[in-house]
Every structure is written in structure tokens, then in C-alpha cells.
Amino acid sequence: MRTGLGEASGDFEAEAASGAGDEGHAAPLGKPVQYRHRRFLSWRYRTEAEPSCQPRRALLLPEKALCPRTERISAMAQNIYDQPAFFEGYSSLPRSVHGLAGAAEWESVRALLPDLAGRHVVDLGCGFGWFARHAAAEGAESVLALDLSENMLARARAETQSLAVRYEIADLDTLELPAAGFDFAYSSLAFHYIADFDRLVRIVHAALVPGSSFVFTIEHPLYMAPSRPGWAEVDGRTVWPVDGYLVEGPRTTDWLAKGVVKYHRTLGTTLNALIAAGFVIRHVEEWKPSEAQLAAHPEWQVELNRPMFLLIACERP
Ligand SMILES: C[S@@+](CC[C@H](N)C(=O)[O-])C[C@H]1O[C@@H](n2cnc3c(N)ncnc32)[C@H](O)[C@@H]1O
């Protein structure tokens with residue numbers, strides 16, 4: 001049986017196989033379920049559950065313009081993180097327990113960050129607020145941390161002491177931000193839930209002052225494109241069969257809850273959206289475990305067969 005960082009049924013945190021699970025920490029989320037996938041078998045895992053800060057320029061803006069509230073949540077946003085079974089499962093993942101240190105890609109992400117001291121940061125899809133607290137600890141002057149989920153924000157608020165951090169509920173699909181209100185934008189593993197990426201990156205571009213950085217991660221498009229993401233054994237090789245890569249749009253998978261909806265975009269579409277919005281792309285990384293991580297977790301070797309995460313750093317000139 002393959003192990004690696006996660007078996008796919010479509011989420012990065014997806015089914016921890018036997019070992020590393022979500023970004024490399026033992027997290028046996030469920031029992032293996034065998035599916036027939038055309039010529040070969042693919043393995044998927046499922047759980048038992050399956051049968052305040054103010055940005056500098058924003059100070060003069062009305063609260064509603066700065067912080068979109070519940071009424072701005074779009075009809076299309078799924079908000080799966082507020083579904084009790086999903087939230088309970090997600091809360092037990094290693095990255096939910098250990099924070100940034102529990103995220104295998106974190107050191108690679110960190111290498112892309114600018115000096116955060118004195119920055120006015122916006123964190124898009126902040127979840128439990130791990131990065132928001134990190135930014136505050138690094139000296140950020142303000143962090144506006146946005147998320148769709150009341151559950152995620154409740155825990156984020158409970159675990160945050162810094163007065164520099166402010167959490168707000170917001171739907172990234174309908175988000176409005178003050179023009180030139182921030183000098184760093186960040187997002188970790190949230191944009192693959194967003195239907196209208198073009199709109200979002202235009203909003204982010206307008207919200208950054210010239211010279212600002214924008215760093216984000218998503219599930220890699222090769223990871224989430226397949227209709228049935230998962231490893232398969234073919235002629236003695238462990239492969240990740242990809243179908244529908246060029247068919248962009250929603251992907252519905254079962255992980256922690258049935259019918260989790262994400263949005264697949266090709267690598268080209270993602271990069272071109274950034275270019276069209278006016279960003280200069282500085283770094284694109286198809287993340288893989290480091291030598292040290294592979295030495296510590298030999299079972300992650302299979303992760304070299306396809307990228308799980310895409311890391312992008314760009315600048316607003
Ligand atoms: C995988 S979690 C990542 C959380 C955090 N960024 C981290 O890396 O720990 C994805 C987050 O995106 C949020 N999210 C999903 N769709 C969203 C939307 N339309 N608007 C705002 N946040 C959304 C979820 O509520 C969840 O907190």
C-alpha cells in the first residue's frame with residue numbers, strides 16, 4: 001500500500017494512507033476503500049463519518065467596505081468547514097494540531113515570504129489563524145485574517161492574543177478589499193475552493209500598494225484534476241492517473257464529508273490569471289519533500305511521483 005503525504009480523494013489533507021497522512025504526520029483518517037478505476041484499482045480512504053487590525057489606508061473607510069460580512073457570502077460558497085463532521089475531522093489533522101510545524105510545505109513557503117516586520121498583511125482563508133499569529137510574531141503591524149467559516153474563526157480568535165490580528169468572516173468569491181490597503185497578501189490552501197479566481201486576484205492586486213508581495217499555496221492542479229484522485233498500481237508502478245486535466249471547473253470529492261467541492265484550474269490558467277491582473281511572477285514551486293524529510297519519512301518517496309502543492313510568489317509592481 002502506498003503511503004506518502006496523503007491519498008487523494010481530492011484534498012491535500014486527503015486520506016492519510018498508512019503513515020504520513022496530512023502533510024507528513026500519522027493521521028489515519030479512515031479505512032481504505034477500494035474503487036475500480038477503469039483498468040486498475042485506485043485506493044481512496046474515507047472516514048467513519050462517510051456512510052483586529054486596520055490596514056493602513058483602510059482606516060478612513062467604513063467598516064463594511066473594509067470587512068465584508070455575512071451578507072456578502074455568495075450563494076456558491078460551500079463552507080464545508082462549518083459542517084460538524086468535516087470540522088471535527090479537519091481539527092484532528094496534524095496541521096490543525098501542530099500548526100505551521102505540522103505542514104510539510106511550510107519551510108518552502110516561509111522561504112518565499114518577505115520580511116514581515118511593520119507590514120500590513122491580509123491572510124485570505126486564514127483557517128485557525130496559524131499564519132496570522134506568525135505574521136504578528138514576526139512584527140507585522142496589522143493582520144486582517146479572513147475566512148468563510150465561523151468554526152475556523154472561533155478557534156482562531158480563541159488562540160490569538162495579539163492585538164495586531166483581526167479576524168473577519170468573508171467569502172473570497174465575493175470579497176471586496178480597500179484599494180492599496182495592504183503591503184503583503186498571503187493565502188494557504190484556500191484558493192482551490194474559490195470559483196472565480198480571476199476576480200479574486202484582481203481584488204488582491206488592487207488591494208496591494210506597489211512593491212508588495214503576494215504569496216499563496218494551492219493544491220497542485222495535477223493533484224486535484226482527476227475525477228477520482230488517488231494512487232494506482234499499474235505494471236508494478238505507483239502512478240497518479242490524471243484524467244480531465246484540461247477540463248477546468250468543479251471537482252467533487254468525499255473527504256471528511258461527502259461532496260466537498262473544489263475548483264480545478266490548470267497551471268497555465270492560474271499563472272495567466274496573475275499575469276492578467278498585473279502581477280509579476282517571482283517564483284513557482286511544485287513542492288516536493290526535502291532530502292531531510294525523505295530521510296525522516298521514507299514512505300514519502302511516493303510523493304515524488306506527482307506534486308501535491310503549488311507554491312507561488314508574485315509581486316505587485
Ligand atoms: C485548508 S484550510 C486552510 C486554512 C489556513 N489557511 C491554513 O493553511 O492553515 C482552507 C480554509 O479556506 C477557507 N475557505 C474555503 N472557502 C472559502 C471562501 N469561499 N471564502 C473564504 N474562506 C474560504 C475554509 O473555511 C478554511 O478555513
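Structure first, text after, so check above.
For clarity, every value in this text was computed on a predicted model and none was experimentally measured.

How would you explain the packing of helix α7 (residues 197-207) against helix α9 (residues 267-277) if you had to name every residue and give the values?
Packing of α7 against α9 leaves a shortest axis separation of 9 Å and a crossing angle of 40°. Classified by the angle their axes make, α7 and α9 are oblique. With respect to the hand of their crossing, α7 and α9 are arranged in right-handed fashion. For the pair α7 and α9, contact is made by F197, D198, V201, R202 and H205 and by T270, A273, L274 and A277, respectively. For the contact of α7 with α9, a count of residues per class yields five nonpolar, two polar and two charged.

Go over the pattern of salt bridges with me, naming the residues and quoting the values.
Considering all chains together, one arrives at nine salt bridges under this definition. Here R110 and E138 are joined by a salt bridge, their closest N and O atoms 3.9 Å apart. Of this pair, R110 sits in helix α4 (residues 106-110) while E138 sits in the loop between α5 (130-137) and β4 (142-147), and the two are 28 residues apart along the sequence. Notably, a salt bridge pairs E168 with R166, separated by 3.0 Å at the nearest N-O pair. There is no split in this pair, since E168 and R166 are both buried.

An account of the nonpolar core is requested, with residue identities and associated values reported.
Counting residues in each nonpolar core, the largest one holds 39 residues, and the members touching the most others are W106, F131, Y167, F184, Y186 and V215. The set of elements that each furnish at least two residues to this core consists of α4, α5, β4, α6 (150-158), β5 (165-169), β6 (182-188) and β13 (309-316). The greatest single-element share of this core, amounting to four residues, is contributed by α5. Apart from residues no more than four positions distant in its own chain, W106 is found in contact with L100, L113, F131, H134 and Y186. If you look at the next biggest cluster of nonpolar residues, it comprises 31 residues, including F197, V201, I203 and F214.

Reading the values: rules and limits
Residues numbered from 1 in each chain as written. Predicted model: local features only at pLDDT ≥ 70, side-chain atom pairs only at ≥ 80, totals over all residues. Heavy atoms only, no water. Axes fitted to C-alpha atoms, helices over the stretch in contact; angles between N-to-C directions. Helix = DSSP H or I, 4+ residues; strand = E, 2+ residues; numbered from the N terminus. Parallel < 35°, antiparallel > 145°, perpendicular 65-115°, else oblique. Left-handed = near helix turned anticlockwise from the far one by under 90°. Contact = heavy atoms within 4.5 Å. Nonpolar A, V, L, I, M, F, W, Y, C, P; charged D, E, K, R; others polar. Salt bridge = Lys/Arg side-chain N within 4 Å of Asp/Glu carboxyl O. Buried < 20%, exposed > 50% of the residue type's maximum accessible area, 1.4 Å probe, protein only. Core = buried A, V, L, I, M, F, W, Y, C linked by side-chain atoms within 4.5 Å.

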